[in-house]
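# Geometric and topological summary
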Amino acid sequence: MYVWVLTNVQPHVISYLYTVQADQPMFAMEYLAGGTLSERMASAALGLTEAWMTFRQLASALRYVHDQGILHRDIKPNNILRTENGSRVVLADFGLATRLDQGEVCRDVCGTSHTTAPEVYRKKYGFPADIWSLGVTMMIAFGRITIPKGESWRMRDVREQGDNEASRRCNSWLAKVQHRAEQLPDDLSSVKRLVHTGPRDRWSAQELDDHLRTKSSRNQPSEQTSDGNSRDERPSPRIPQTKRPKHVRFKDKSESSKPTSDKVKGSGKRK
Ligand SMILES: Nc1ncnc2c1ncn2[C@@H]1O[C@H](COP(=O)(O)OP(=O)(O)OP(=O)(O)O)[C@@H](O)[C@H]1O
Ligand SMILES: [Mg+2]
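Please read all numbers here as calculations on a predicted model, not as lab measurements. (Residues numbered from 1 in each chain as written. Chains lettered and ligands numbered in written order. Predicted model: local features only at pLDDT ≥ 70, side-chain atom pairs only at ≥ 80, totals over all residues.)

### What to know about the packing of helix H2 (residues 48-67) against helix H4 (residues 128-141)
Applicable threshold: In this description, a line fitted to the C-alpha atoms serves as the axis of each element, helices being fitted only across the stretch in contact, and the angle between N-to-C directions of two axes falls anywhere from 0 to 180 degrees. What counts as a helix is a DSSP run of H or I of at least four residues, what counts as a strand is a run of E of at least two, and both are numbered from the N terminus. Note on angle classes: values under 35 degrees are labelled roughly parallel, values over 145 roughly antiparallel, values of 65 to 115 roughly perpendicular, and the remainder oblique. Residues are defined as contacting one another if the C-beta atoms placed from their backbone atoms lie within 7 Å. The nonpolar class holds Ala, Val, Leu, Ile, Met, Phe, Trp, Tyr, Cys and Pro. Asp, Glu, Lys and Arg form the charged class, and all remaining residues, Gly among them, are polar.
The interhelical angle for the contact between H2 and H4, taken along N-to-C directions, is 170°, at an axis separation of 10 Å. As the angle between them shows, H2 and H4 are arranged roughly antiparallel. On the side of H2, the interface is formed by Ala51, Thr54, Phe55, Leu58 and Leu62, while H4 contributes Asp130, Leu134, Met138 and Ala141. Class assignment for the residues of the contact of H2 with H4 results in seven nonpolar, one polar and one charged.

### Considerations on H4
In plain terms, the rule: Helix span, as expected, comes to 1.5 Å for every residue beyond the first. Here a residue counts as buried when 20 or more other C-beta atoms fall within 10 Å of its C-beta, as exposed when 12 or fewer do, and as partly exposed in between; the C-beta atoms come from the backbone.
The terminal C-alpha atoms of H4, which comprises 14 residues, lie 20 Å apart, in line with the 20 Å expected from a rise of 1.5 Å per residue. Counting buried residues in H4 gives 14 out of 14 residues, a clear majority hidden from the surface. Of the residues trailing H4, glycine 143 is marked for its positive phi of about 70°.

### Considerations on the packing of H2 against helix H7 (residues 205-218)
For any two helices packed against each other, the geometry is given by the interaxial angle and the distance between the axes. Note the following rule: For a crossing to be left-handed, the near helix must be turned anticlockwise from the far one by less than a right angle; the clockwise case is right-handed.
At a closest axis distance of 8 Å, the pairing of H2 and H7 adopts a crossing angle of 145°. Both H2 and H7 take part in a crossing whose hand is left-handed. Facing H2, whose interface residues are Phe55, Arg56, Ala59, Ser60, Leu62, Arg63 and His66, H7 presents Ala205, Gln206, Leu208, Asp209, Leu212 and Ser216. Looking at side-chain class alone, the contact of H2 with H7 contains six nonpolar, four polar and three charged residues.

### Focus: the environment of valine 13
In this structure, valine 13 sits in the loop between strand S1 (2-6) and strand S2 (16-21). For the pair formed by valine 13 and aspartate 93, sequence separation is 80 residues and the distance between their alpha carbons is 9.7 Å. Setting aside residues up to four positions removed in sequence, valine 13 forms contacts with Ala61, Tyr64, Val65, Val90 and Leu91.

### Some thoughts on the site of ligand 1
Quick note on the threshold: Each residue gets a C-beta atom placed from its backbone. Should that atom fall within 6 Å of a molecule or strand, the residue is termed near it.
Lining the immediate surroundings of ligand 1 are Met29, Glu30, Tyr31, Leu32, Gly35, Thr36, Asn78, Asn79, Leu81, Ala92 and Asp93. A breakdown of the residues in the shell around ligand 1 according to their chemical character gives five nonpolar, four polar and two charged.

### A word on the nonpolar core
Worth spelling out the cut-off: When buried Ala, Val, Leu, Ile, Met, Phe, Trp, Tyr and Cys residues are joined through C-beta atoms within 7 Å, the set is termed a nonpolar core.
With 59 residues, the main nonpolar core has Val13, Leu58, Leu62, Leu91 and Leu194 as its most contacted residues. A total of ten residues in this core trace back to one element, the largest contributor, which is H2.

### A short note on the pairing of S2
Residues in a regular strand point their side chains to alternate faces of the sheet. Note the cut-off: Note on pairing: two strands pair once DSSP finds at least 2 bridges between them.
Alignment of S2 against strand S3 (residues 24-29), held across six bridges, turns out to be antiparallel. Across the sheet, the residue bridging to tyrosine 18 is phenylalanine 27, located in S3. Counted along the chain from S2 to the antiparallel partner S3, the turn is two residues long, and its residue alanine 22 has a positive phi close to 50°.

This is the structure in structure tokens:
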């Protein structure tokens, strides 16, 4: 029997516990009592302070995840969990995550329709696909776009030629994201940098995190936005970016039983 704990690897990445007893693997994860970001937004729109806090925390989480060579592939409000008082948000649900080595690309179409990057449908994508998903998530969190109810599509039915209903719905949503992104005010330019159609034009998680840290340390605690709303950009606690996961093992069996390789799907990748 051994236990492998991936806990507090990064304050905004969910903690997992993995154990094998009598050859039975078991995962447990940290419980967050505040529900998901979508549930939070269903009750009332996020204030700017909360939206910026969410943005900064998710940027630091994604930087950590990408630094580990992990592509999440399903960033969306439903997969962001909150503590009860909402002061901490956590990137969760690594069910579609995959490890991606330098130079590798993913080829399998997966994720969630409205938050998935355009290049995923072209079956050639990498880390910028997560950046797009974070961008759309933050457009939702800042109240700049909403996902229309009952207008989803099956991702695998989307064709480049756009000659079926799934393709039409998908293209119309992607055009709406672009249009709304162009209308973002200057103080949300960092969100705009995440939803460029060309993956190479998007910021990396590292660039985004650096930008938000610099911005929050430069700004006054509270200032007016172009909307006339109050904005609070106090810096969040500094998070060490180079900290490696704490792997705590008891009665270790073998290195080949790392939880990441059991948990993540590695299919659909090509050099
Ligand atoms: N660690 C957790 N702490 C608290 N609640 C959680 C946790 N993980 C999941 N949940 C709750 O369970 C629900 C389902 O989560 P899960 O991510 O497994 O769903 P899913 O099948 O991926 O569907 P989707 O993410 O599309 O909503 C979440 O919406 C959330 O309310
Ligand atoms: Mg989920």
